[in-house]
Amino acid sequence: KEFKLLKGKTVVITAGPTREKIDPVRFISNHSSGKMGYSIAEEARKQGARVVLISGPVQIPAPTGIDLVKVESAEDMYNACIEVFDKADIVIKTAAVADYRPKFAYNEKVKKQPGGTTLELERTKDILFELGQRKKNQLLIGFAAETNNVDEYARKKLLTKNANMIVANNVKAEGAGFGTDTNIVTLYKRDGSIVELPLMSKADVAGKIIEEIAALLKDLEKK
Ligand code: PMT
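Everything numeric in this text was worked out from a predicted model, so none of it was measured.

(A) Up close: the sheet that holds strand β9 (residues 139-146). Read from one edge of the open sheet, 8 strands run β5-β4-β1-β6-β9-β10-β12-β13, paired in mixed fashion. Of all strands in the sheet, those with a lone pairing partner are β5 (67-70) and β13 (194-196), marking the two edges. Averaged over all adjacent pairs, the angle separating strand axes in this sheet is 15°, with direction ignored. Across the face of the sheet, helix α1 (residues 35-46) comes into contact with β1 (10-15), β4 (50-55) and β6 (90-93) while running at roughly 165° to β1.

(B) Structural context of the confidence of the model for the chain. Per-chain confidence: the chain averages 97 in pLDDT, with 100% of residues scoring 70 or above. Two numbers describe this predicted complex: its pTM, 0.97, and its ipTM, 0.98.

(C) View of the nonpolar core. Core analysis: the largest hydrophobic core is formed by 55 residues, its most contacted members being V11, I13, A44, M77, I141, I166 and V167. Every residue in contact with V11, bar those within four places of it in the chain, is listed here: L6, A44, A49, V51, D89, I90 and I92.

(D) Looking closely at the site of the ligand. Around the ligand, the surrounding shell holds 26 residues, and the nearest of these are S33, K35, I127, F143 and A145. Elements with a contribution of two residues or more to the shell around the ligand: α1, α3 (127-134) and β9. Looking at the shell around the ligand, the element that brings in the most residues is β9, giving 4 residues.

(E) Here's a closer look at the pairing of strand β10 (residues 165-170). Burial analysis of β10 places 6 of its 6 residues in the buried class, the great majority of the element. Here β10 shows two buried faces, one formed by M165, V167 and N169 and the other by I166, A168 and N170. Sheet analysis places β9 next to β10, joined by 6 bridges and oriented parallel. Across the sheet, I141 pairs through a bridge with M165, a residue of β10. Considered for its hand, the β-α-β crossover made up of β9, helix α4 (residues 150-160) and β10 is right-handed. Relative to strand β12 (residues 185-189), β10 is paired through 5 bridges, and the arrangement is antiparallel. Directly across from A168, in β12, lies its bridge partner T186.

(F) Layout of the UniProt feature "binding site: CTP" (unreviewed entry) in the chain. Feature annotation in UniProt places "binding site: CTP" (unreviewed entry) on D99, K109, F143, K157 and K161, given in this structure's numbering. In sequence the annotated residues extend across 63 residues, and in space they extend as well, their farthest C-alpha pair lying 37.9 Å apart. When you line up the elements, F143 lands in strand β9. Note that K157 resides in helix α4.

Basis of the calculations
Residues numbered from 1 in each chain as written. Predicted model: local features only at pLDDT ≥ 70, side-chain atom pairs only at ≥ 80, totals over all residues. Pairing = 2+ DSSP bridges. Helix = DSSP H or I, 4+ residues; strand = E, 2+ residues; numbered from the N terminus. Axes fitted to C-alpha atoms, helices over the stretch in contact; angles between N-to-C directions. Contact = placed C-beta atoms within 7 Å. pLDDT = per-residue confidence, 0-100. Core = buried A, V, L, I, M, F, W, Y, C linked by C-beta atoms within 7 Å. Buried ≥ 20, exposed ≤ 12 C-beta atoms within 10 Å, placed from the backbone. Near = placed C-beta within 6 Å. Right-handed = clockwise from strand over helix to strand, strands pointing away. UniProt positions renumbered as here; feature names shortened; annotations may be inferred.

So this is what it looks like as structure tokens:
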């Protein structure tokens, strides 16, 4: 009989960007394609998990055999995460969530002004932080997309977000980060150990992440 690492587990994965509305024709967003998060969703399903994929707007097809929840804004993603969190065994936050949104979203297209203009922004909710506060028995895995001081920022996120593991990528490195089919990640764990992975396909990175999570799950169940 085939052995599956996540049999019987419910895994919630967030993926893709969020869109923060300025007016009916404009928004603030980022370069996330969803490839990393969708690869993790696919791998989790292959390993026997029930998968809930909470996704911002992306151009790639969702894996079959999973529950897809489509969202637009950081606020939508927050609500979708909170709704399923209590039923989850594992939450993996791959999405590139906007940290700021326009303070006012206009109902009509904003007309050009003479000269420049300013857009007032306000903070969105930090979903990872909020889930870290609510955490009971769940394993909470965050990502860190950095362009510098990767090691320092990843370690900081591990603690301040109360996560069990942080998957860090230097999004400036060739073949890593947004949009590519490959990634270069380092995994930071609560026991202080780190796992540095070489350049590999996002599918293989997903395989490694799921392996590490299965090992953490085993430790948790021993306690
Ligand atoms: O989608 P791809 O094109 O395949 O690209 C993959 C990726 C680069 C998007 C992915 O590998 C990645 O790094 N995802 C995290 C992106 C990000 O927003 O990182 P961050 O360091 O800003 O955020 C840290 C963590 O907090 C993330 O788990 C993020 O989901 C979470 N977060 C951030 C802001 C916010 N308001 N709420 C959050 O939960």
